[in-house]
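# Coordinates in review
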Amino acid sequence: MRAARSLARHEARLMVSLLLWLARRRHGTRDATHTFGYARGQGATTAGLAFVCVVETFTLSVLLRDWPTAHAVALVLDAYTVVFVVALHAASVVRPHVLDGAALRVRHGTHVDLRIPRHGITAIRRELRASSARAPGELDVAVGGQTSLTLELDRPVTHVTLLGRRREVLVVRLHADDADGLVRALTPARSSPSPSGDRPG
């Protein structure tokens, strides 16, 4: 039941995100000093997937035209699939990463929302990496299968998964369309680099 409730909440947030996208509004950015999008790299993929779903809907409509009940059911399901795919992209657009005076809020659509205190970030690296297997204490928030920034923290922060599981993470990898801008925005909040030299790059 807990998993079902979590999935229902996720789906409701997706539909809200779709409405915000249509209204050209964003979520959770009122107190932001900076916002950083991450959806640019997945736009073409999402458009391609939506197109495939539309083609499938048309094809099934032709194949099932002699079976009205099956035709109606398939049409509803396929139409909802198209809406769902578009809503996934909309959620990524209207829910950017948010930086305010106290924290960096790392997001990915409606299924990742992690608040990291600015003072807890000990190192930030401009680092392009392919998404890899999950390691203990690490979180990859990949877009298009890759991340462009790595954050190291001085103490664990709690990541709550889509199904409500909690994980403590000390390293967070994420993607931002303007990764260099995010490094610059975070750098003033950090203490002076240690002699070992973790410098933004």
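Going by the structure above, here's the rest.
Here is a short report on the structure shown in this document. Note that residues are indexed from 1 along each chain, following the sequence as it is written. Predicted model: local features are reported for residues with pLDDT of at least 70 only, side-chain atom pairs are reported and counted for 80 or more only, and whole-chain, interface and lining totals are derived from all residues. Based on all heavy atoms of the structure, the side-chain values leave hydrogens and waters out of the count.

Ordered by their spatial adjacency, 4 strands build an open sheet running S5-S7-S8-S6, and the pairing between neighbours is mixed. Of all the strands in the sheet, the pair left with one neighbour each is strand S5 (121–130) and strand S6 (138–141). Going from strand to strand, the sheet's axes swing by 40° on average, the running direction of each strand aside. Summarising the sheet, strand S7 (residues 146–160) and strand S8 (residues 166–174) pair through 8 bridges and their orientation is antiparallel. Looking at the pairing, Leu 151 lines up with Val 172 of S8. Pairing between two strands requires that DSSP report at least two bridges joining them. Each helix corresponds to a stretch of at least 4 residues labelled H or I by DSSP, and each strand to a stretch of at least 2 residues labelled E; elements are numbered beginning at the N terminus. Fitted lines through C-alpha atoms serve as axes, helices being fitted only where they are in contact, and the angles separating the N-to-C directions of these axes extend from 0 to 180 degrees.

Side chains carrying opposite charge are able to pair once their charged atoms draw close together. Should a side-chain nitrogen of Lys or Arg be within 4 Å of a carboxyl oxygen of Asp or Glu, the pair is scored as a salt bridge. For the structure on display, the rule yields 9 salt bridges. Residue Asp 100 pairs with Arg 115 through a salt bridge whose shortest N-O separation is 3.5 Å. Taken together, the positions of Asp 100 in the loop between strand S2 (97–99) and strand S3 (103–108) and Arg 115 in strand S4 (residues 112–117) put the pair 15 residues apart, joining distant regions of the chain. Exposure is judged per residue with a 1.4 Å probe applied to protein chains only, and the accessible area is read against the type maximum: over 50% gives exposed, under 20% gives buried, and values in between give partly exposed. Assessed through its relative accessible area of 47%, Arg 115 is described here as partly exposed. A salt bridge links Arg 125 to Glu 152, with the nearest nitrogen and oxygen atoms 2.5 Å apart. Placement of Arg 125 in strand S5 and of Glu 152 in strand S7 is noted, with a sequence separation of 27 residues between them. Overall, the relative accessible area of 24% leaves Glu 152 in the partly exposed class. Look at the salt bridges and you will find they share partners, linking Arg 125, Glu 127 and Glu 152 into a network.

As a further point, take the packing of helix H1 (residues 2–22) against helix H3 (residues 68–94). Closest axis-to-axis distance for the H1/H3 pair is 8 Å, and the angle between their directions is 70°. Judged by the inter-axis angle, H1 sits roughly perpendicular to H3. Packed against H1, whose contacting residues are Glu 11, Leu 14, Met 15, Ser 17, Leu 18, Leu 20 and Trp 21, the element H3 presents Tyr 80, Val 83, Phe 84, Val 86, Ala 87, Leu 88, His 89, Ala 90, Ala 91, Val 93 and Val 94 at the interface. Charged means Asp, Glu, Lys or Arg here, nonpolar means Ala, Val, Leu, Ile, Met, Phe, Trp, Tyr, Cys or Pro, and polar covers whatever is left, Gly included. When the residues that make up the contact of H1 with H3 are grouped by side-chain class, the tally is 15 nonpolar, 2 polar and 1 charged. Our angle categories are set so that under 35 degrees counts as roughly parallel, over 145 as roughly antiparallel, 65 to 115 as roughly perpendicular, and the remainder as oblique. The contact rule is simple, with two residues in contact once any of their heavy atoms fall within 4.5 Å.

To continue, consider H1. The span expected for a helix works out to 1.5 Å for each residue beyond the first. Spanning 21 residues, H1 covers 31 Å between terminal C-alpha atoms, matching the ideal 30 Å at 1.5 Å per step. Among the residues of H1, those classed as buried are Ser 6, His 10, Leu 14, Ser 17, Leu 18 and Leu 20. Around the axis of H1, the buried residues are gathered within 160° of arc, so they sit on the same side. Seen from the open side of H1, the exposed residues pointing more than 90 degrees away from its buried face are Leu 19 and Leu 22. Where H1 is buried, its residues touch H3. Positive backbone phi, at 60°, marks Arg 24, one or two positions downstream of H1. The directions considered for the arc run from the helix axis to the C-beta atoms.

Along the chain, Thr 46 falls in helix H2 (residues 43–63). Judged by relative accessible area, Thr 46 falls into the buried class, the value being 16%. Among the polar contacts made by the side chain of Thr 46, one reaches the main-chain carbonyl oxygen of Gln 42 at a distance of 2.9 Å. Once residues lying within four places of it in the same chain are set aside, the contact partners of Thr 46 are Val 85 and His 89. What qualifies as a polar contact is a pair of N or O atoms within 3.5 Å, subject to a donor-acceptor requirement within protein and to the restriction that residues adjacent in sequence count only when both atoms come from side chains.

What follows covers the pairing of S8. Across 4 bridges, S6 lies against S8 in parallel orientation. Looking across to S8, one finds that Leu 139 is bridged to Val 172. Linking S7 back to S8 in an antiparallel pair, the connection comprises 5 residues, with Gly 164 at a positive phi of about 90°.

Turning to the sheet that holds S3, a few remarks are in order. The strand order across the open sheet formed by 4 strands is S1-S2-S3-S4, and the pairing between neighbours is antiparallel. The open sheet is flanked by strand S1 (34–36) and S4, the only strands paired with a single partner. Going from strand to strand, the sheet's axes swing by 15° on average, the running direction of each strand aside. Note: S1 against S2, 3 bridges, orientation antiparallel. Along S2, the bridge assignment pairs His 34 with Leu 99. Running over the sheet, helix H4 (residues 179–186) touches S1, S2 and S3 and is turned about 150° from S1.

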